[in-house]
Protein chains: 2
Amino acid sequence: MQTQIQTVKRRRLHEDIVQHFHSLIREGALKHGDRLPAERELAEQFQVSRSSVREAIRSLELQGLAVSKPGAGTFISTENLDSVVALLASTFNAGADVLRDAFEMRHLLEPPIAALAAQRATPEEVARLREILEDQQRQIDAGDTGVESDTAFHFALAAATHNAALIKVVSAVEDVLQRSRGQSLEEPGRRQRSLASHQEILQRVQAGDPQGAQQAMDHHLAVVEPSGL
Amino acid sequence: MQTQIQTVKRRRLHEDIVQHFHSLIREGALKHGDRLPAERELAEQFQVSRSSVREAIRSLELQGLAVSKPGAGTFISTENLDSVVALLASTFNAGADVLRDAFEMRHLLEPPIAALAAQRATPEEVARLREILEDQQRQIDAGDTGVESDTAFHFALAAATHNAALIKVVSAVEDVLQRSRGQSLEEPGRRQRSLASHQEILQRVQAGDPQGAQQAMDHHLAVVEPSGL
DNA sequence: TCTGTCCGGTGGTCAGACCAATTTGGTGGT
DNA sequence: ACCACCAAATTGGTCTGACCACCGGACAGA
């Protein structure tokens, strides 16, 4: 038994702690908003050093499962999208041909996402989408590229699918594409064409027309695809 | 200058270190296989404590960008899929209705992935797919569920797209689904039906028939979808 | 009741120590 | 000259304790 244990690859302490919290989250024993015991307390409970606890909490943070606030504590945060997006985007960034790959995935995902949004969007979500396009219009009228609204529109569409996995992946892809989108929207006429096709998508979503929404998104992606990809 | 820095929201030290390494990787100054200086050395260079360096390296590890080996050092590892998959899978796991969401994403992604594989698979990749199905047949004949080969087949299909983002996302989704797949394949007749539809997909991929591959994958997903989802 | 201050608790960082694992360099033998 | 072995050096992993900045709650005063 003892010998057998030593032939197994040594597991790092902080990884065990992370797994422990994963189980608690998965079982529902910890949920969004719950506060973890203090680092010092966890170190005592787990009979480990505070350093190991900190390293575990770093992992949970990076996994988008927790947020630490100095002076306040560490909280389960399973609805915090920013860190997950940054993390997912960084994993995509690690490869070559990042833009090409991200764009291709976008082509695969966003048309059916638009279709799902057409089936599932609540009136509030439709209103939100409209609001974003009004912002985009204002930005373009003011001489800006409207890139933030452009990104927000795609994110809101994914949110309207009510599918957590899709939301996360789309957000990561959008994060990766944000830079090239800024350049792309500098081209003459592109902003207005982007906005026009956004509006077409919104009409189809509002009308509850999945096929129309899908086709409108296909068209939109053709309109905005950067040249030379 | 000094005063100005202090009015900016305090940034955590280890995050600055992570960003530094992100830049180095992005610029190509660090690439797969390169060894980082020792933690103690990095602490000295950056004029920070070793704890901060460690927390930064934890982050890089979790981002799938580095691997630490006791006694040897820390190495850039941008081609290490295992940690990225585990990480992505854990972010998906954090939500409710995990299986439902993962399955829905699978429905959106895997048919077009099969189509891309039909366009892009090399002869070696096709042979690999065939090999996996032969393994699956052997496992089923031996009375096992064949779940490992089932998963491997989907992963190999994604790999045949030559799109790094797709590979990562599909691998994460497969990781999440692996548990339910094991149960699903316990149902009578399901293994053979799964294998049969895999073989149909492979034929279409081998024939370079994207539409046929896509339809075969649609059919396959309908065959294997767990009841009650 | 509201506002301001203080204090205790929290996370963030530092420094140093020790242990386990790996690598490197030196020595001896062939 | 080459190889094997061993000890020392180096590395990451964990621990301990200290100090600092921040936050939230409690309490006192207006």
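The structure displayed is predicted, hence computed values, not measured ones.

Can you tell me about the overall build of chain A, naming the residues and giving the values?
A tally of regular secondary structure across chain A gives 11 helices and 2 strands. Within chain A, the proportion of its 229 residues that are buried is 50%. Summarising the internal contacts of chain A: among those between residues at least 6 apart in sequence, 71% fall at separations of at least 24. Carbon together with sulfur atoms contributes 49% to the accessible area of chain A, which is approximately 11,100 Å² in total.

How would you summarise the protein's contact with DNA strand D if you had to cite specific residues and measurements?
Of all residues adjacent to DNA strand D, which total 25 residues, the nearest are A:R12, A:L13, A:S49, A:S52 and B:R50. Sugar and phosphate atoms constitute 62% of the interface atoms of DNA strand D, taking the interface as everything within 4 Å of the protein. With respect to DNA strand D, the side chain of A:R50 contributes an N or O atom lying 3.4 Å from a base nitrogen. The side chain of B:R40 places a nitrogen or oxygen atom 3.0 Å from a base oxygen of DNA strand D. Of all the secondary structure elements, the ones that give two or more residues to the surface near DNA strand D are α2 (13–27) and α4 (50–62) of chain A together with α3 (39–46), α4 (50–62), β1 (66–69) and β2 (73–76) of chain B. Residue composition of the surface near DNA strand D, by class: 6 nonpolar, 9 polar and 10 charged.

Give me the lowdown on helix α10 (residues 190–206) of chain B, citing residues and values where you can.
Residues and elements named next belong to chain B. With 17 residues, α10 ought to run about 24 Å at 1.5 Å a step, and its terminal C-alpha atoms sit 24 Å apart, in line with that. Along α10, the residues that are buried comprise R190, S194, L195, S197, H198, I201, L202 and V205. Around the axis of α10, the buried residues are gathered within 165° of arc, so they sit on the same side. Positive phi shows up at G208, right after α10, with a value of about 65°.

Which residues make up the packing of aromatic side chains, and what values do they have?
All names here are of chain A. Within this structure, the stated rule accounts for 2 aromatic pairs over all chains. Consider the rings of F21 and F46, whose centres lie 6.1 Å apart with planes at 90°: the pair is edge-to-face. Here F21 is found in helix α2, whereas its partner F46 is found in helix α3 (residues 39–46), with 25 residues between them in sequence. Classification of F21 by relative accessible area gives buried; the value is 4%. Its relative accessible area of 25% is what places F46 among the partly exposed residues. Just above the ring of F75 sits the side chain of K69; from NZ or CZ to the centre is 5.4 Å.

For the pattern of salt bridges, give the residues involved together with the corresponding values.
Residue and element names in this part refer to chain B. In total, this model carries 26 salt bridges over all chains according to the counting rule given. Note that D135 is salt-bridged to R138, the shortest N-O span being 2.4 Å. Placement of both D135 and R138 in helix α7 (residues 123–141) is noted, with a separation of 3 residues, approximately one turn of the helix. Looking at D135, the relative accessible area reads 27%, which means it is partly exposed. In this structure R138 comes out as exposed when scored by relative accessible area, which is 53%.

Account for the packing of helix α8 (residues 147–159) of chain A against helix α10 (residues 190–206) of chain A, with residues named and values stated.
Packed helix pairs are specified by the crossing angle of their axes together with the interaxial distance, meaning the distance between the axes. Residue and element names in this part refer to chain A. Contact geometry for α8 and α10: axes closest at 11 Å, N-to-C directions at 20°. It follows that α8 is roughly parallel to α10 by the angle criterion. As for how α8 packs across α10, the hand of that crossing is left-handed. Along the contact surface, α8 presents D150, F153, H154 and L157, while α10 presents S194, H198, I201, L202 and V205.

Would you mind going over the pairing of strand β2 (residues 73–76) of chain A in detail, with residue names and values included?
Bridge count for strand β1 (residues 66–69) of chain A against β2(A) is 4 bridges, and the pairing is antiparallel. When the bridges of β2(A) are listed, A:K69 appears paired with A:G73.

Describe in detail the protein's contact with DNA strand C, supporting the description with residues and values.
Taken together, 25 residues lie near DNA strand C, and A:R50, B:R12, B:L13, B:S49 and B:S52 sit nearest. The sugar-phosphate portion of DNA strand C accounts for 64% of its atoms within 4 Å of the protein, the bases making up the rest. Here a phosphate oxygen of DNA strand C sits 2.9 Å away from a polar atom, N or O, in the main chain of A:E39. Here the surface near DNA strand C is composed, by residue class, of 6 nonpolar, 9 polar and 10 charged.

Give me the lowdown on the confidence of the model for chain A, citing residues and values where you can.
Confidence in the prediction for chain A averages 80 pLDDT; 79% of positions are at 70 or higher. Counting interchain partners and residues more than four positions distant, the pLDDT-below-50 stretch residues 1–9 of chain A has 0 contacts.

An account of α3(B) is needed here, citing residue identities and associated values.
Residues and elements named next belong to chain B. Within α3, burial applies to E39, L42 and A43. Each buried residue of α3 lies within a common arc of 105° when the element is viewed along its axis, so the set occupies one face. Of the exposed residues in α3, the ones pointing more than 90 degrees away from its buried face are R40 and E44. Among the structural elements, α2 (13–27) and α4 are those in contact with the buried residues of α3. Looking one or two places after α3, you find Q47, whose phi comes out positive at around 60°.

I'd like to hear about the environment of B:R190, residue by residue, with values.
Residues and elements named next belong to chain B. Mapped onto the elements, R190 comes out in helix α10. Residue classification places R190 among the buried positions, given a relative accessible area of 7%. C-alpha separation for the pair R190 and T145, spaced 45 residues apart in sequence, amounts to 9.3 Å.

Before we move on, can you summarise the nonpolar core with the specific residues and values?
Ranked by size, the top nonpolar core spans 30 residues in total, and within it A:M105, A:L109, B:M105 and B:L109 carry the most contacts. Of all elements in the fold, only α6 (98–120) and α9 (164–184) of chain A together with α6 (98–120), α9 (164–184) and α11 (210–224) of chain B reach the threshold of two or more residues within this core. Once you skip the residues sitting within four places of it in the chain, B:L109 turns out to touch A:L108, A:L109, B:L166 and B:V169.

Thresholds applied
Residues numbered from 1 in each chain as written. Chains lettered and ligands numbered in written order. Predicted model: local features only at pLDDT ≥ 70, side-chain atom pairs only at ≥ 80, totals over all residues. Heavy atoms only, no water. Helix = DSSP H or I, 4+ residues; strand = E, 2+ residues; numbered from the N terminus. Buried < 20%, exposed > 50% of the residue type's maximum accessible area, 1.4 Å probe, protein only. Contact = heavy atoms within 4.5 Å. Areas by Shrake-Rupley, 256 points an atom, 1.4 Å probe, with all protein chains shown as cover. Near = heavy atom within 4 Å. Polar contact = N/O pair within 3.5 Å; in protein donor to acceptor, adjacent residues only side chain to side chain. Nonpolar A, V, L, I, M, F, W, Y, C, P; charged D, E, K, R; others polar. Expected span 1.5 Å × (residues − 1). Arc of directions from axis to C-beta. Phe/Tyr/Trp six-rings, centres within 6.5 Å; stacked < 30°, edge-to-face > 60°. Lys NZ or Arg CZ within 6 Å of the ring centre and 35° of its normal. Salt bridge = Lys/Arg side-chain N within 4 Å of Asp/Glu carboxyl O. Axes fitted to C-alpha atoms, helices over the stretch in contact; angles between N-to-C directions. Parallel < 35°, antiparallel > 145°, perpendicular 65-115°, else oblique. Left-handed = near helix turned anticlockwise from the far one by under 90°. Pairing = 2+ DSSP bridges. pLDDT = per-residue confidence, 0-100. Core = buried A, V, L, I, M, F, W, Y, C linked by side-chain atoms within 4.5 Å.

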